[in-house]
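# A structural walkthrough
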Amino acid sequence: MGTMSRNNYDIIVIGGGHAGIESSIVASKMGAKTLLVTILVEQIGACSCNPAVGGLAKGHLVKEIDALGGVMGKITDRCGIQFRTLNASKGPAVRGSRAQIDMDAYKNTMKNLILNTPNLDIRQEMVTSLIVNENKDSVIGLQSDIGHCYYGKKIILTTGTFLNGKVHIGEFITEYGRMGEPSAKQLGDNLKQLGLDVGRLKTGTCPRIKASSIDFSKLEIHNGDTPLPFFSSKPLEVKKQLPCYVTYTNKKTHHIITQNLHKAPMFSGQIESIGPRYCPSIEDKINRFRDKERHQLFIEPQTEEATEYYINGLTTSLPFNVQEEIVHSIQGLENAQIVRYGYAIEYDYVNPIDLSKTLETKKIKNLYLAGQINGTTGYEEAAAQGLYAGINAVLALKEQPPFILQRNEAYLGVLIDDLTTKGTKEPYRMFTSRAEYRLLLREDNAIFRLFEYAYKFGLIDKSQYSNIKTEQEHIKSCLEYLNNTYITPNVKNLEKLEYLQEEKINDKTSLISIVGRKSFNKEKLKKLDRQFEHLNDRVLEQILIESKYATYIKKAQHSIMDAEEMLSIKIPQNFNYKGISGLSLEVVEKLSQFTPNNLLEASQISGITPASLDILRLYIHMYQKKYC
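In this report, the structure presented in the accompanying data block is examined. Nothing here was measured: the structure is a model prediction, and the numbers come from that model.

What follows covers the packing of helix α1 (residues 18-29) against helix α10 (residues 379-397). Contact pair α1 / α10: the axes reach a minimum separation of 7 Å and the direction vectors enclose 30°. With respect to each other, α1 and α10 are oriented roughly parallel. For the crossing formed where α1 meets α10, the hand is right-handed. For the pair formed by α1 and α10, the contact residues are H18, A19, E22, S23, V26 and A27 on the first element and Y379, A382, A383, G386, L387, A389, G390, I391 and V394 on the second. Here the residues of the contact of α1 with α10 are counted per class, giving ten nonpolar, four polar and one charged.

Here we take up the pairing of strand β5 (residues 96-101). Burial analysis of β5 places six of its six residues in the buried class, which makes it a mostly covered element. Side chains G96, R98 and Q100 of β5 all project onto a buried face; the interleaved residues S97, A99 and I101 project onto the opposite face, where all are buried too. Here six bridges tie strand β4 (residues 80-86) to β5, and the two strands are oriented antiparallel to one another. Looking across to β5, one finds that T85 is bridged to S97.

Moving on, we get to helix α6 (residues 251-259). For α6, the complete set of buried residues consists of T253, H254, I256 and I257. The arc enclosing the buried residues of α6, seen along the axis, measures out at 160°, which places them on a common side. The exposed set on the far side of α6, more than 90 degrees from its buried face, consists of K251 and K252. In this structure, the buried residues of α6 make contact with α8 (282-288) and α9 (320-328).

Moving on, we come to the sheet that holds strand β11 (residues 172-174). Sheet architecture is open: four strands sit in the order β11-β10-β21-β14, paired in antiparallel fashion. Both edges of this open sheet fall to β11 and β14 (198-205), since each of them pairs with a single strand only. Pairs of neighbouring strands in the sheet enclose a mean axial angle of 20°, with direction left out of account.

Moving on, we come to the environment of V322. With respect to the secondary-structure elements, V322 resides in helix α9. Along the primary structure V322 and G582 are separated by 260 residues, whereas in three dimensions their C-alpha atoms are 58 Å apart.

With that settled, consider the sheet that holds strand β20 (residues 338-340). Spatial strand order, β16-β17-β18-β19-β15-β20: six strands in an open sheet with antiparallel pairing. Two strands bound the open sheet, and with one partner strand each, they are β16 (220-222) and β20. Averaged over all neighbouring strand pairs, the angle between strand axes comes to 35°, with direction disregarded. Here strand β15 (residues 208-210) runs beside strand β19 (residues 308-312); their pairing, made up of three bridges, is antiparallel. Paired with K210 across the two strands is E308, which belongs to β19.

On to the side chain of R407. Note on placement: R407 falls in the loop between α10 and α11 (411-422). When its relative accessible area of 8% is taken as the criterion, R407 is described as buried. Among the polar contacts made by the side chain of R407, one reaches the side chain of D418 at a distance of 2.8 Å. Separated by 2.9 Å, the side chains of R407 and E436 make a polar contact. Setting aside chain neighbours within four positions, we find R407 in contact with G413, V414, D417, D418, K422, R434, E436, Y437, L441 and Q604.

To continue, consider unusual backbone geometry. Negative phi characterises most residues that are not glycine, and trans characterises most peptide bonds. Of the consecutive residues T226 and P227, the connecting peptide bond is found in the cis state with omega at -5°. Mapped onto the elements of the fold, P227 is located in the loop between β16 and β17 (244-248). One non-glycine residue with positive phi stands out, namely A306, at about 55°. Residue position: A306 is located in the loop between β18 (296-301) and β19. Judged by relative accessible area, which is 18%, A306 ranks as buried. Although it is not a glycine, N366 sits at a positive phi angle of roughly 70°. With respect to the helices and strands, the residue N366 is situated in the loop between β21 (343-350) and β22 (367-369).

Basis of the calculations
Residues numbered from 1 in each chain as written. Predicted model: local features only at pLDDT ≥ 70, side-chain atom pairs only at ≥ 80, totals over all residues. Heavy atoms only, no water. Axes fitted to C-alpha atoms, helices over the stretch in contact; angles between N-to-C directions. Helix = DSSP H or I, 4+ residues; strand = E, 2+ residues; numbered from the N terminus. Parallel < 35°, antiparallel > 145°, perpendicular 65-115°, else oblique. Left-handed = near helix turned anticlockwise from the far one by under 90°. Contact = heavy atoms within 4.5 Å. Nonpolar A, V, L, I, M, F, W, Y, C, P; charged D, E, K, R; others polar. Buried < 20%, exposed > 50% of the residue type's maximum accessible area, 1.4 Å probe, protein only. Pairing = 2+ DSSP bridges. Arc of directions from axis to C-beta. Polar contact = N/O pair within 3.5 Å; in protein donor to acceptor, adjacent residues only side chain to side chain.

Honestly, that's just the spatial picture; any functional story needs more than this.
In structure tokens:
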């Protein structure tokens with residue numbers, strides 16, 4: 001990509017949050033001369049809300065980021081102070097790894113990583129506007145608050161909650177992008193002037209309290225898991241693990257909130273934008289679930305020193321004095337001192353339907369959006385989009401085919417597909433229920449699903465690639481052996497089953513059905529046949545899971561084959577839907593708006609019926625016979 005002057009870059013990333021970090025690092029690793037512009041360098045990687053990474057479905061995203069050569073998983077492992085597996089008693093498809101992190105150490109580690117990344121420059125400036133070409137259809141650079149102009153071939157916007165950000169605490173309103181940090185007002189206004197479909201969303205955070213003012217003797221203790229569930233495929237040595245604590249709201253808490261609902265910005269009309277449905281404020285929870293006597297609260301340490309705790313579950317924007325009353329009504333927090341008050345924040349976002357599947361905007365070429373600017377909520381969703389946008393921006397620079405993950409390949413594919421085909425009117429959060437192929441998209445197999453892409457893009461080295469490839473081949477050959485090997489209830493086989501402490505068989509039985517039993521484990525697998533003896537734990541785990549869910553996995557794979565058939569039916573560019581007999585006006589309008597590339601994409605648009613798809617399939621066939 002050649003030598004460039006100081007103000008000219010291949011890729012410019014705006015914003016140093018979780019999306020911006022992944023975008024800038026992946027672009028640099030792929031050989032692009034990259035610039036990261038951020039308001040405050042010391043806030044690179046800051047966790048605005050809870051001091052944790054991962055969770056249900058979010059853990060899947062972190063594992064996928066790691067598998068693709070991203071950094072969130074590695075830094076989480078390094079800065080983790082408690083690790084747990086959520087839904088551990090349920091099937092592997094819906095389990096989620098979650099880590100409490102030392103949020104100060106996380107931020108510092110990320111900042112130092114960014115500053116030490118080759119091919120990556122950093123500037124502490126606020127971007128005020130984008131520079132576009134004469135036709136106003138392509139971005140070519142940016143201007144900052146100190147008058148600097150930087151020019152880039154591709155620009156990635158990862159602005160979080162900073163675009164026209166407004167913080168609300170009761171009647172107190174101030175223009176912040178995060179409490180105490182300036183709002184990017186000029187850039188927010190500039191995006192509207194450029195014709196992007198800009199809307200408003202709202203999110204919030206919880207009060208933080210001083211550790212020495214908490215009565216821990218009144219709280220339930222929650223320790224982490226052993227062994228620790230790491231995020232990275234290359235786990236690091238972990239420091240000491242700290243407990244979290246649990247307490248609950250009560251009737252007194254609910255009474256205080258109910259009496260003060262009229263002072264809450266969401267209820268007074270002060271905030272009109274929509275907040276996250278699945279992470280509501282405490283005032284919203286009390287209002288919606290009036291019959292519930294209590295709500296669970298997690299008291300989580302923010303750093304390894306544990307001098308300050310976050311009250312997870314108590315998101316609020318009520319006035320300062322009301323927040324004090326609420327906290328003091330809770331068992332164990334009667335004398336708690338609030339160090340930082342909870343608040344709500346409103347910010348601009350761009351309708352993600354305006355984006356192509358690469359996260360490039362349809363209206364302005366070479367401009368990519370990632371993170372909360374696309375209507376999502378959560379560190380993990382942001383980081384995943386940042387990685388994806390970074391990869392695609394560099395591939396476009398190199399004039400290589402785009403990186404488009406399908407819904408059956410990764411949660412990241414589900415995330416991008418949902419945003420770009422369905423859009424969102426509320427902060428979007430990832431759930432396992434959003435993934436129709438979740439049995440195939442487990443945390444435990446993320447590395448095997450995505451390592452080929454990572455190696456192709458130069459994001460993992462040859463040694464790591466070879467090791468994973470060898471493991472994958474072992475898994476495949478072992479599963480073929482188990483699928484194709486049958487045993488009968490003869491004396492020798494019955495003795496073997498007794499030795500393995502497994503139930504006897506009465507008929508000819510496949511080995512995969514025996515290995516798939518709930519009672520079967522890694523130690524038994526090693527004793528079953530010599531070929532399993534020297535396999536590592538990761539390979540053995542895959543064999544056990546794939547055996548246990550073999551029937552369901554086959555069904556899912558058949559479903560994927562049907563979807564791939566639809567994927568192969570391409571919709572011609574500039575295809576005219578108007579006048580097609582049998583398509584309703586609503587269907588024509590939606591197909592014209594979303595411009596799907598193939599029949600599968602069309603099927604995923606809300607309101608497109610199976611009957612509409614049959615008609616469309618026929619007309620595409622007629623079009624191809626006539627013009628192709």
